[in-house]
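Next come the chains, spelled out residue by residue.
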Amino acid sequence: MTAAAAELMDYDQVIAEFDPVMGLEVHVELGTATKMFCGCPTAFGADPNTQVCPVCIGLPGSLPVVNQKAIEYAIRIGLALNCSIRPSSVFARKNYFYPDQPKNYQISQYDEPIAFDGYLDVQLTDGTTWRVDIERAHMEEDTGKSLHIGGSGRIQGADHSLLDYNRAGVPLVEIVTKPIVGAGERAPEVARAYVTALRDLLKALEVSDVRMDQGSLRCDANLSLMAKDATEFGTRTETKNVNSLKSVEIAVTYEMRRQAAVLTAGGEIVQETRHFHETDGTTSAGRRKETAEDYRYFPEPDLPPVQPSEEWIAELGTTLPELPWVRRARIQEEWGVSDEVMRDLVNVGAVDLIIATVDAGASPEAARGWWVSFLAQQANSRGVELADLPISPAQVATVIGLVDEGKLTTKLAQQVATAVLDGEGEPEQIVADRGLEVVRDDSALQKAIDEALANNPDIVEKIRGGKVKAAGKIVGDVMKATRGQADPARVQELVLAACQ
Ligand SMILES: [Zn+2]
């Protein structure tokens, strides 16, 4: 860690003395096949500098051409966020030097963004709704990537740096909120709920794969504190590239506690960017924050204004999908579950997975049961989000089907699911390879039952005396002996029959 551990104020005390003010900037990489201003492909994970051309590495004389699909996506995002769409918006050059920025400027939008003045209603865990006002959604191009070699992987202490321009020029939409005021102690939760809702919305719009782990969705969190009696916002910091939903909440909490400690000790907050550290949930100082004037924005002379027709905007409005929260309300009614149950399903990110599992043939009850208990435990112990577990809803539906057909007991089914998660293949194949199917043949069971009865004469006596419950121990021994492959109900029947 580069920074000395910062002083932190107790969270309750922060809330007693200060009001947090947040601003969230989310960059979303659009899922277009080609880049914003050239025909280079955008696929993630290609060899470095294999997806570049004179336009996106800024060679002299090259000219950008706007990607129509990117404009369509930006308008659909704006409409879904209840924004106004500007009839004529312009691109601007944002001038700054950084090695991952081959042109020495980034083409962005400045005072005339394509979408502005919207809102997004987000659900908090207690079921209440919080309206986040959206200031703007504008188009821009992504930068390349620097890879610092040696040291800790950061630029400080590195031996040298490598540059990959594959990402340079990938279309982005940046969505900026208005200041979020009045959330108080719930500020970190509001931040997480907002990014979650935005991610779900963008996914439903099919404009991005919204993979936070691959940088398709990146959140910068601005935060300042106001003393309870203050009338003006305090100085803010901008924590960059907070790359998971959980981290958004942690980063906001950390900055609240850190800034409160600085202010209470008589210090000043420096307007700066801060780096978030996933490993310990802290932030450390980055560069002093430039103001807009520093970037010397001016209209991009190589690109005409973007002027979508009213008809086109109206037509795009009709292509908006059912919004995730509307869909959820409908699904809740279909499944007949309470608000509370539904909220839990939403909070663990299980709704879409359950829907997909039901679509693949499982009953809603079984699908729900699997995702919220066994698979949720697996996600937890493997340290991943539910949706990132390496098992598909179709595979879960297959496992459920095998239970429904009586081929697997629940225990065996969990073994099969675990094997799928461990990369051993498809459920049916795992059942066949491991010979996991339930033993249906009574004669095969009888041997294990006879043995268990012989080992437990006292229990046999009890059963004969009418204590049917005592059979549980024998059933347990038989299940153990058959490595869980017997049907416990059938074993119970056979045990009782044997004691007659
Ligand atoms: Zn290119």
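What counts and how
- Residues numbered from 1 in each chain as written.
- Predicted model: local features only at pLDDT ≥ 70, side-chain atom pairs only at ≥ 80, totals over all residues.
- Heavy atoms only, no water.
- UniProt positions renumbered as here; feature names shortened; annotations may be inferred.
- 1 Å grid on protein atoms, 1.4 Å probe; cavity = no way out; pocket = protein on both sides within 12 Å on 5 of 7 lines; lining within 4 Å.
- Points joined across faces, edges and corners; volume = space filled by probe spheres on them.
- Nonpolar A, V, L, I, M, F, W, Y, C, P; charged D, E, K, R; others polar.
- Donors = N, O, S within 2.8 Å, 3.2 Å for Na, K, Ca; no water.
- Tetrahedral: all angles 85-135°; square planar, octahedral: opposite > 155°, others 65-115°.
- Helix = DSSP H or I, 4+ residues; strand = E, 2+ residues; numbered from the N terminus.
- Buried < 20%, exposed > 50% of the residue type's maximum accessible area, 1.4 Å probe, protein only.
- Phe/Tyr/Trp six-rings, centres within 6.5 Å; stacked < 30°, edge-to-face > 60°.
- Lys NZ or Arg CZ within 6 Å of the ring centre and 35° of its normal.
- Pairing = 2+ DSSP bridges.
- Contact = heavy atoms within 4.5 Å.
- Axes fitted to C-alpha atoms, helices over the stretch in contact; angles between N-to-C directions.
- Parallel < 35°, antiparallel > 145°, perpendicular 65-115°, else oblique.
- Left-handed = near helix turned anticlockwise from the far one by under 90°.
- Core = buried A, V, L, I, M, F, W, Y, C linked by side-chain atoms within 4.5 Å.

By the naming in an unreviewed UniProt entry, the chain is Aspartyl/glutamyl-tRNA(Asn/Gln) amidotransferase subunit B, taken from Gordonia desulfuricans. Taken from UniProt, the Subunit (unreviewed entry) comment for the chain reads in full: "Heterotrimer of A, B and C subunits." Taken from UniProt, the Sequence similarities (unreviewed entry) comment for the chain reads in full: "Belongs to the GatB/GatE family. GatB subfamily."

Enquirer: Describe empty space enclosed by the protein, with residues and values.
Expert: Counted according to the given criterion, the structure contains one cavity of 30 Å³ or more. Computed from the structure, the largest cavity encloses a volume of approximately 40 Å³. Here the lining of the largest cavity is built from residues that sort into four nonpolar, three polar and four charged.

Enquirer: So what's going on with the coordination of the zinc ion? Residues and values would help.
Expert: Here the zinc ion is held by Cys38 (SG), Cys40 (SG), Cys53 (SG) and Cys56 (SG), and the distances to it run 2.3 to 2.4 Å. For the zinc ion, the four donor atoms in the first shell make angles of 100 to 115° at the metal, so the coordination geometry reads as tetrahedral. As a motif over one chain, the donors of the zinc ion read C-x1-C-x12-C-x2-C. Taken together, the residues span a long stretch of sequence, with Cys38 in the loop between strand 1 (18-29) and helix 2 (68-80) and Cys56 in the loop between strand 1 and helix 2 at a distance of 18 residues. A relative accessible area of 13% means that Cys38 is categorised as buried. Assessed through its relative accessible area of 4%, Cys56 is described here as buried.

Enquirer: Outline the packing of aromatic side chains, supporting the account with residue identities and numerical values.
Expert: Given two aromatic rings, one states the distance between the centres and the angle between the planes to describe the pair. The tally for this structure, following the rule as stated, stands at five aromatic pairs. Ring geometry for Tyr96 versus Tyr295: centroids 5.8 Å apart, planes at 70°, classification edge-to-face. Separated by 199 residues along the polypeptide, Tyr96 in the loop between strand 3 (92-95) and strand 4 (105-108) and Tyr295 in the loop between strand 14 (282-288) and strand 15 (298-299) bring together distant segments of the chain. Judged by its relative accessible area of 26%, Tyr96 is partly exposed. Ring centres of Trp370 and Phe374 lie 5.6 Å apart, and the angle between their planes is 80°; this geometry places the pair in the edge-to-face category. Note that Trp370 and Phe374 are positioned in helix 9 (residues 364-382) at a spacing of four residues, about one turn of the helix. Grouped by ring-pair contacts, the aromatic residues Tyr96, Tyr110, Tyr295 and Tyr297 constitute a single cluster. In this arrangement the basic side chain of Arg86 is found over the ring face of Phe116, its NZ or CZ atom lying 4.5 Å from the centre. We note Arg131 situated over the ring of Tyr119; from NZ or CZ to the ring centre the distance is 3.7 Å.

Enquirer: Please give an account of the pairing of strand 14 that cites residues and values.
Expert: As paired strands, strand 13 (residues 272-277) and strand 14 are joined by five bridges and run antiparallel to one another. Pairing of His275 across the sheet is with Ser284, part of strand 14. Hairpin connection from strand 13 to strand 14: four residues lie between these consecutive antiparallel strands, with Gly281 at a positive phi of about 70°.

Enquirer: So what's going on with the environment of Val468? Which residues, and what values?
Expert: Checked against the element boundaries, Val468 lands in the loop between helix 14 (457-464) and helix 15 (471-481). Take Val468: its relative accessible area is 41%, and that puts it in the partly exposed class. Each C-alpha atom, one on Val468 and one on Thr283, is 62 Å from the other, the two residues being 185 residues apart in sequence. In this structure, Val468 is in contact with Gln492 and Leu496, ignoring residues within four places of it in sequence.

Enquirer: Lay out the UniProt feature "domain: Asn/Gln amidotransferase" (unreviewed entry) in the chain in plain terms, naming residues and giving numbers.
Expert: Within the UniProt annotation, "domain: Asn/Gln amidotransferase" (unreviewed entry) is assigned to residues 352-499. Overall, residues 352-499 shows 70% helix and 0% strand. The separation of its end C-alpha atoms is 49 Å.

Enquirer: Before we move on, can you summarise the packing of helix 13 (residues 442-455) against helix 15 with the specific residues and values?
Expert: Any two packed helices are characterised by the angle at which their axes cross and by the distance between the axes. In the contact formed by helix 13 and helix 15, the axes pass within 9 Å of each other and the chain directions differ by 135°. Here helix 13 lies oblique to helix 15, going by the angle between them. Of the two possible hands of crossing, helix 13 and helix 15 adopt the one that is right-handed. Taken together, the residues of helix 15 that come into contact with helix 13 (itself represented by Ala448, Ile449, Ala452 and Leu453) are Ile474, Asp477, Val478 and Ala481. Grouping the amino acids of the contact of helix 13 with helix 15 by side-chain chemistry returns seven nonpolar, no polar and one charged.

Enquirer: With reference to specific residues and values, describe the nonpolar core.
Expert: By size, the foremost hydrophobic cluster in this structure holds 77 residues, and its most contacted members are Ile77, Ile175 and Tyr194. In terms of residue count, helix 3 (residues 187-205) provides more of this core than any other element does, eleven residues in total. In contact with Tyr194, not counting residues within four places along its chain, are Leu24, Val26, Leu120, Val122, Val132, Ile134, Ile175 and Thr177. Grouped together as the second largest cluster of nonpolar side chains are 37 residues, Phe374, Leu402, Leu412 and Ala419 included.

Enquirer: Can you break down the sheet that holds strand 4 residue by residue, with the values?
Expert: Strand pairing in a sheet relies on backbone hydrogen bonds, with the paired strands running either antiparallel or parallel. Pairing is antiparallel in the open sheet, where three strands are placed in the order 4-3-15. Of all the strands in the sheet, just strand 4 and strand 15 have a single pairing partner and so form its edges. Inspection of the sheet shows strand 3 paired to strand 4 by four bridges, in the antiparallel sense. Looking across to strand 4, one finds that Asn95 is bridged to Tyr105.

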